[in-house]
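# Summary of structural features
This is what each chain is made of:
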Amino acid sequence: MRIEEGIPLAKLTTIGTGGPATALARPASLAELEQALAWAQERGLGVAVVGLGSNLLAADEGVDSLVLRLAGELADVRAEGELLVAGGGATNAVSLHRARAAGLGGFEFACAIPGTAGGGVWMNAGAYGSDWSEILVRARIVTADGSGWLTPAELGLSYRHSELRHGQVVAEVEHRLVPRPVGEIRERVAAFVAQRKATQPTNKRTFGSVFKNPEHELGAGRMLEECGLKGYRLGGAIISPKHANFIENADGATTADAVALMAEARRRARDRFGVDLVHEVELLGPIELDP
Ligand SMILES: Cc1cc2nc3c(=O)[nH]c(=O)nc-3n(C[C@H](O)[C@H](O)[C@H](O)COP(=O)(O)OP(=O)(O)OC[C@H]3O[C@@H](n4cnc5c(N)ncnc54)[C@H](O)[C@@H]3O)c2cc1C
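In this report, the structure presented in the accompanying data block is examined. Since the structure is predicted, the reported quantities are computational estimates derived from the model, not experimental observations.

## A closer look at the pairing of strand E6 (residues 77–80)
The sheet contact formed by E6 and strand E7 (residues 83–87) spans four bridges and is antiparallel. When the bridges of E7 are listed, Arg 78 appears paired with Val 85.

## Let's talk about the sheet that holds strand E3 (residues 46–49)
Here we have four strands laid out as an open sheet, ordered E1-E2-E5-E3, and mixed in their pairing. One side of each edge strand has no neighbouring strand; the edge strands of this open sheet are strand E1 (3–4) and E3. Pairing geometry for E3 and strand E5 (residues 63–68), over four bridges, is parallel. Residue pairing across strands places Gly 46 opposite Ser 65, the latter belonging to E5. Along the sheet, helix H1 (residues 30–42) makes contact with E1, strand E2 (21–25), E3 and E5, crossing E5 at roughly 165 degrees.

## A look at the pairing of strand E11 (residues 136–143)
Of the strand pairs in this sheet, E11 and strand E13 (residues 169–176) are connected by six bridges, and their pairing is antiparallel. Bridging across to E13, Arg 138 finds its partner in Glu 174. Note: E11 against strand E12 (residues 146–150), five bridges, orientation antiparallel. By the bridge assignment for E12, Ala 139 is matched with Leu 150. Counting the residues that bridge the hairpin from E11 to E12 gives two residues.

## As for the pattern of salt bridges
Applying the stated criterion across every chain, the model contains 18 salt bridges. A salt bridge links Glu 4 to Arg 2; its shortest N-O distance comes to 3.8 Å. Where salt bridges share partners, they join Glu 108, Arg 180, Glu 184 and Arg 188 into one cluster.

## Considerations on the site of the ligand
Neighbouring the ligand are 33 residues, the closest being Val 49, Ser 54, Thr 116, Gly 126 and Arg 196. Between Ser 54 and the ligand, the recorded distance is 2.7 Å, taken from a side-chain N or O atom to an oxygen atom. A distance of 3.3 Å separates an oxygen atom of the ligand from a polar atom in the side chain of Trp 122. When the free accessible area of the ligand is taken as 970 Å², the share hidden by the protein chains comes to 96%. Looking at the shell around the ligand, the elements with two or more residues in it are helix H3 (117–123), strand E9 (126–127) and E13. With five residues, H3 is the largest single contributor of residues to the shell around the ligand. Of the residues belonging to the shell around the ligand, the class tally is 15 nonpolar, 15 polar and three charged.

Definitions and limits used
- Every residue gets a number counted from 1 within its own chain, in the order that chain's sequence is written.
- The predicted origin of the model limits local features to residues at a pLDDT of at least 70 and limits the giving and counting of side-chain atom pairs to 80 or more, whereas totals for whole chains, interfaces and linings rest on all residues.
- Hydrogens are left out, water is left out, and the side-chain values use all remaining heavy atoms of the structure.
- Pairing between two strands requires that DSSP report at least two bridges joining them.
- Helix and strand definitions follow DSSP, with helices as H or I runs of at least four residues and strands as E runs of at least two, each counted in order from the N terminus.
- Contact definition: two residues touch when any of their heavy atoms are within 4.5 Å.
- Axes here refer to lines fitted to C-alpha atoms; in helices the fit is confined to the stretch in contact. Angles between the N-to-C directions go from 0 to 180 degrees.
- One speaks of a salt bridge when a side-chain nitrogen belonging to Lys or Arg is within 4 Å of a carboxyl oxygen belonging to Asp or Glu.
- Definition of nearness: a residue and a molecule or strand are near each other if at least one heavy atom of the residue lies within 4 Å of the molecule or strand.
- N or O atoms closer than or at 3.5 Å make up a polar contact, with two conditions inside protein: a donor-capable atom paired with an acceptor-capable one, and, for residues adjacent in sequence, both atoms drawn from side chains.
- Only the protein chains shown count as cover for residues, and all accessible areas are computed by the Shrake-Rupley method using a 1.4 Å probe.
- When residues are sorted by character, Ala, Val, Leu, Ile, Met, Phe, Trp, Tyr, Cys and Pro go into the nonpolar class, Asp, Glu, Lys and Arg into the charged class, and all the rest, Gly among them, into the polar class.

Here is the structure:
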């Protein structure tokens with residue numbers, strides 16, 4: 001397995017920002033993953049996995065870690081009865097395709113979540129009233145010290161949260177789905193996708209929702225809209241004119257631009273609504289932002 005150096009994380013994130021990783025490896029099997037983890041441990045280097053980078057802001061200065069992108073067997077998907085077994089690097093698009101081909105429903109909620117199985121578990125990603133905790137049976141977590149299977153309760157899955165930490169790699173997952181006619185799956189997916197296109201900037205470079213929805217009658221997006229932030233721009237990053245809980249890379253944005261927008265959005269929401277918004281996006285590398 002090749003170890004690459006200095007690859008800009010801007011190439012691996014959907015927002016298109018981020019400096020270089022110290023090292024990047026693309027393990028394609030459990031054995032290669034173990035080798036990569038041992039390689040990092042020998043050098044005292046931290047490890048972070050990047051899925052599709054669709055919920056990730058990586059520091060402009062770079063990330064002093066071995067970054068892993070799971071490939072090959074670790075990105076495969078197969079149906080086994082009512083189980084959908086996926087590598088941690090399997091994209092949601094491929095998982096949905098395999099589920100539909102096997103006549104299995106329950107994964108449709110992820111049709112507009114442009115991530116991987118591992119990112120889904122880490123974030124307990126969700127939409128349309130479902131999330132990963134509802135379909136996950138167990139996940140195989142690999143670290144430099146060994147490997148084991150954890151259930152959703154053991155992973156501590158709650159609203160857009162798990163207890164996973166960098167160095168713990170989601171290598172494989174088992175999802176329990178339900179038999180469903182293919183036509184019905186297609187209809188549900190088409191309805192979800194149409195809803196997305198109508199309300200969110202699906203054709204722009206973003207990292208999905210910036211903030212979690214607070215316990216408030218208004219969601220984060222509506223709150224920021226009422227603060228007059230739609231279309232507000234700093235550097236190359238802009239708060240989406242379509243949905244205020246999205247930041248778009250308008251033109252050569254940096255992570256610092258996006259973080260500055262987030263700080264301003266939090267300040268305004270605190271002043272106007274007395275609410276401390278909590279960011280949903282994951283931060284990788286040295287990035288300063290209040291919790
Ligand atoms: C247009 C758009 C729409 C979106 N809509 C939604 C939505 O409706 N609902 C929602 O919940 N999210 C949404 N998101 C956010 C994002 O797609 C999800 O959080 C997704 O699950 C992230 O998966 P990923 O593989 O891209 O993870 P990444 O962004 O690459 O990583 C996210 C975190 O997971 C960790 N990680 C990733 N893979 C692994 C692994 N195999 N093992 C260990 N850790 C891992 C990373 O280290 C990082 O901390 C959206 C994003 C975009 C751009």
